[in-house]
Amino acid sequence: MSIIIITTPLDDTLVCSLKAGQEVLLSGVIYTGRDAAHKRLCELLDKGEPLPLDLHGQVIYFVGPTPAKPGQVIGSAGPTTSYRMDAYSPRLIAEAGLKGMIGKGGRGQNVIEAMKKYKCVYFAATGGAAALIAKCITACEVVCYNDLGAEAIHRLEVKDLPLIVATDADGCDLYQR
Amino acid sequence: MKKIQYTGIVDAVAALCLKAAYDLPEDVLEVITDSLEKETSARGKSFIQQYIENAAIARRERMPICQDTGFAVYFVKLGEEVKIEGGSLNGAITEGTARGYREGYLRCSIVNDPLFKRKNTGDNTPPVIHIELVPGDKLLVTLAPKGGGSENMSALKMFAPSAGKNGVIDFVVNTVVNAGGNPCPPTVVGVGIGGTFEKVAYLAKKALLRKIGEHNADPEYAKLETEILEKINASGVGPQGLGGDITAFAVHVEYFPCHIASLPVAVNLNCHAARHAEFEM
């Protein structure tokens, strides 16, 4: 199977062209976010307040990297388990325009329904290959929630990040095969 | 009495944190390398290839194998003839952990309060410390950093004895299969059987420290390990939960006598990066 080369941000046409099982090399800007950051974003949505970053067309990578050593862009940066974000992801997809997520492990039906309805794609990165993945990250800066440390939202620039389309916008899910 | 200095333990523990985070143990690397030939799915093979490459980068560049550098869980064997001078053993391990995680640029992943405040303690303390008093004048410290992804897939059930062998097998296999890709398979499956509620969880975790693939000394339990492993690997969950032959590298069972009314069973999973390191003084 040939490898698909894609660059962020993602639009509906690109999202809908991706099919579960395809191998992808992703480049461009992505944002990090884990449990604590997702909770804060959803609390802002609850209050009707603006988010600290524009997620339209964007991709969130579920990761809490290790601190960078002097001279490094970032420390080790593999995916964390995605189901913990299931309580929050549908809202970011429906209300904030999120188009892609990167993590590991299967997603709940609530997330898959939102992905189908609003066109969003879920990629699997290789869990436990954190030093290898760090090699694809060329820039890293904190966007917000610095008090959360590793859980802060970071803006990453990535080059040829190897991913697999785990769940596509038609709801086809590699984990359920 | 043999005297061991507090500061010596702090230094050794700090160094141990780095070693555990950067250097995948030889037995783990060996089983991963072997699995590359056994796995028939192309996608599964590709993941295993990435694990090997990742371990090499981590070792060479002194980087954590995984960004989740874990809860620092220590298993300590303390000789009854050892006297620690200058402070407590718990204090030394805690201070060594804080220093190791800071100096090694390891991720601090512990929050002070599980339910309400959830504020990061900032130095990955407190550690979890299991101390066993043993005859002799040695101090043996094993660190097994435990990531949240695999730890969250643990399970414990207090069966009635009538559940028997099949009840145990089904429970362990279902726990691993239902975990899917979450614990970063292929996993090492630690199983505790017997004892009490708290003892069985400890046994399951302790089982993970065994050299990978080494069987329980009791032939019946060794056979049980093989049987469970075959069933798990027949599931097709595979590396990363995305299909393949190798869902687990090994099943390690530890057992303990139990109450006439009970059959406790616990399952604790380790991801493919089954980190552990130890020192003796």
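The structure presented is a predicted model; accordingly, all values stated were derived computationally and were not measured.

A. Spotlight on the state of the cysteines. Evaluation of the coordinates by the stated rule reveals zero disulfides over all chains. A:Cys144 takes part in no disulfide bond, and the closest cysteine sulfur, belonging to A:Cys140, lies 13 Å away. The structure places no disulfide on B:Cys108, whose sulfur is separated from the nearest cysteine sulfur, that of B:Cys17, by 10 Å.

B. Spatial organisation of empty space enclosed by the protein. Per the counting criterion, the structure on display carries four cavities of 30 Å³ or more. One number sums up the size of the largest cavity: a volume of about 70 Å³. Lining the largest cavity, in full, are B:Val73, B:Phe75, B:Ala144, B:Pro145, B:Lys146, B:Lys205, B:Leu208, B:Leu209, B:Asn270, B:Arg275 and B:His276. Here the lining of the largest cavity is composed, by residue class, of six nonpolar, two polar and three charged. Shared between two domains, the lining of the largest cavity holds at least three residues of each, these being domain 1 (2–19 + 65–145) and domain 2 (148–274) of chain B. A volume near 40 Å³ is recorded for the second largest cavity. In terms of lining, the second largest cavity is formed by A:Tyr31, A:Thr32, A:Gly33, A:Ala37, A:His38, A:Leu41, A:Leu53, A:Leu55, A:Ile60 and A:Ile153. Every element with two or more residues in the lining of the second largest cavity is listed here: β2 (23–32) and α2 (35–47) of chain A. The leading source of residues in the lining of the second largest cavity is α2(A), at three residues. Across the lining of the second largest cavity, the residue classes break down as seven nonpolar, three polar and no charged.

C. Representation of the sheet that holds strand β6 (residues 155–159) of chain B in the model. Residue and element names in this part refer to chain B. If you walk across this open sheet you meet the four strands as β6-β9-β7-β8, and the pairing is mixed. The sheet terminates laterally at β6 and β8 (248–258), the two strands that pair on one side only. Here the strands of the sheet are splayed against their neighbours by 15° on average, with no regard to which way each runs. With nine bridges joining them, strand β7 (residues 187–195) and β8 adopt parallel strand pairing.

D. Local environment of the packing of aromatic side chains. Taken as a whole, this structure holds three aromatic pairs over all chains when the rule is applied. The ring of A:Tyr145 carries A:Arg40 above its face, with NZ or CZ at 5.0 Å from the centroid.

E. View of the domain arrangement of chain B. All names here are of chain B. Segmentation of chain B into domains returns domain 1 (2–19 + 65–145) and domain 2 (148–274). Using only C-alpha atoms to locate each centre, domain 1 and domain 2 end up separated by 26 Å. Tallying the contact residues gives eight residues for domain 1 and seven residues for domain 2. Each partner contributes to the roughly 570 Å² buried at the junction of domain 1 and domain 2, and carbon and sulfur atoms together form 72% of this total. Across the contact surface, domain 1 and domain 2 share one residue pair in polar contact (both at pLDDT 80 or more). Sorting the residues of the side of domain 1 that touches domain 2 by element identifies β2 (73–79) and β4 (128–134) as the ones contributing at least two each.

F. Structural view of the packing of α2(A) against helix α3 (residues 89–96) of chain A. All names here are of chain A. Viewed as axis vectors pointing N to C, α2 and α3 meet at an angle of 45°, and their least axial separation amounts to 10 Å. Here α2 is positioned oblique relative to α3, judged by the angle of their axes. For α2 against α3, the interelement crossing comes out left-handed. Contacts from His38, Leu41, Cys42, Leu45 and Asp46 in α2 reach Ser89, Arg91, Leu92 and Glu95 in α3.

G. A nonpolar patch on the surface, seen in detail. A surface patch of nonpolar side chains, amounting to about 290 Å² of accessible area, comprises B:Leu156, B:Met158 and B:Phe197. Looking at the element boundaries, B:Leu156 is found in strand β6.

H. Fine view of the packing of α3(A) against helix α4 (residues 109–118) of chain A. Residues and elements named next belong to chain A. At a minimum axis separation of 8 Å, α3 and α4 run at an interaxial angle of 15°. What the angle tells us is that α3 and α4 run roughly parallel. Remark: the crossing between α3 and α4 carries left-handed chirality. The segment α3 lies against α4, with Ser89, Pro90, Ile93 and Ala94 engaging Asn110, Val111, Ala114, Met115 and Tyr118. Residues belonging to the contact of α3 with α4 are distributed by class as follows: seven nonpolar, two polar and no charged.

I. Highlighting the environment of B:Gly122. Residue and element names in this part refer to chain B. Mapped onto the secondary structure, glycine 122 falls in the loop between α4 (89–103) and β4. Judged by relative accessible area, glycine 122 falls into the exposed class, the value being 53%. Separated by 85 residues in sequence, glycine 122 and alanine 207 have C-alpha atoms that sit 30 Å apart.

J. Focus on helix α3 (residues 42–61) of chain B. Across its 20 residues, α3(B) extends 28 Å between first and last C-alpha, which sits within 8% of the 28 Å expected from 1.5 Å per residue. Residues of α3(B) that are buried include every one of B:Gly44, B:Phe47, B:Ile48, B:Gln50, B:Tyr51, B:Asn54, B:Ala55, B:Ile57 and B:Ala58, and no others. The inward-facing, buried residues of α3(B) contact α5 (130–134) and β7 (153–167) of chain A together with α1 (6–22) and α2 (26–38) of chain B.

K. Looking closely at the interface of chain B and chain A. Across the contact, 31 residues belong to chain B and 37 residues belong to chain A. Here chain B and chain A share an interface that buries about 2,600 Å² over both sides, 57% of which is from carbon and sulfur atoms. Among the residues of chain B in contact with chain A, B:Gln67, B:Tyr105 and B:Arg107 are the three that bury the most area, contributing 25% of the side total. The interface formed by chain B and chain A includes one salt bridge. Of the charged contacts, one joins B:Glu61 and A:Lys135 as a salt bridge, the two residues approaching to 2.5 Å between their closest N and O atoms. There are 17 residue pairs in polar contact (both at pLDDT 80 or more) connecting chain B and chain A. Residues belonging to the side of chain B that touches chain A are distributed by class as follows: 14 nonpolar, 12 polar and five charged.

L. Spatial organisation of the environment of A:Gly106. With respect to the helices and strands, the residue A:Gly106 is situated in the loop between β4 (100–103) and α4. The class of A:Gly106 is partly exposed, set by a relative accessible area of 22%. Here the alpha-carbon distance between A:Gly106 and A:Asp173, two residues 67 residues apart in the chain, equals 8.1 Å. Beyond its immediate stretch of four places on either side in the chain, A:Gly106 contacts A:Tyr83, A:Tyr175 and B:Asn182.

Basis of the calculations
Residues numbered from 1 in each chain as written. Chains lettered and ligands numbered in written order. Predicted model: local features only at pLDDT ≥ 70, side-chain atom pairs only at ≥ 80, totals over all residues. Heavy atoms only, no water. Disulfide = S-S within 2.5 Å. 1 Å grid on protein atoms, 1.4 Å probe; cavity = no way out; pocket = protein on both sides within 12 Å on 5 of 7 lines; lining within 4 Å. Points joined across faces, edges and corners; volume = space filled by probe spheres on them. Nonpolar A, V, L, I, M, F, W, Y, C, P; charged D, E, K, R; others polar. Domains from an automatic or database assignment. Helix = DSSP H or I, 4+ residues; strand = E, 2+ residues; numbered from the N terminus. Pairing = 2+ DSSP bridges. Axes fitted to C-alpha atoms, helices over the stretch in contact; angles between N-to-C directions. Phe/Tyr/Trp six-rings, centres within 6.5 Å; stacked < 30°, edge-to-face > 60°. Lys NZ or Arg CZ within 6 Å of the ring centre and 35° of its normal. Contact = heavy atoms within 4.5 Å. Buried area = accessible area lost by both parts, 1.4 Å probe. Polar contact = N/O pair within 3.5 Å; in protein donor to acceptor, adjacent residues only side chain to side chain. Parallel < 35°, antiparallel > 145°, perpendicular 65-115°, else oblique. Left-handed = near helix turned anticlockwise from the far one by under 90°. Patch = residues over 30% accessible without salt bridge, like charges linked within 9 Å, V, L, I, M, F, W, Y side chains within 5 Å. Areas by Shrake-Rupley, 256 points an atom, 1.4 Å probe, with all protein chains shown as cover. Salt bridge = Lys/Arg side-chain N within 4 Å of Asp/Glu carboxyl O. Buried < 20%, exposed > 50% of the residue type's maximum accessible area, 1.4 Å probe, protein only. Expected span 1.5 Å × (residues − 1).

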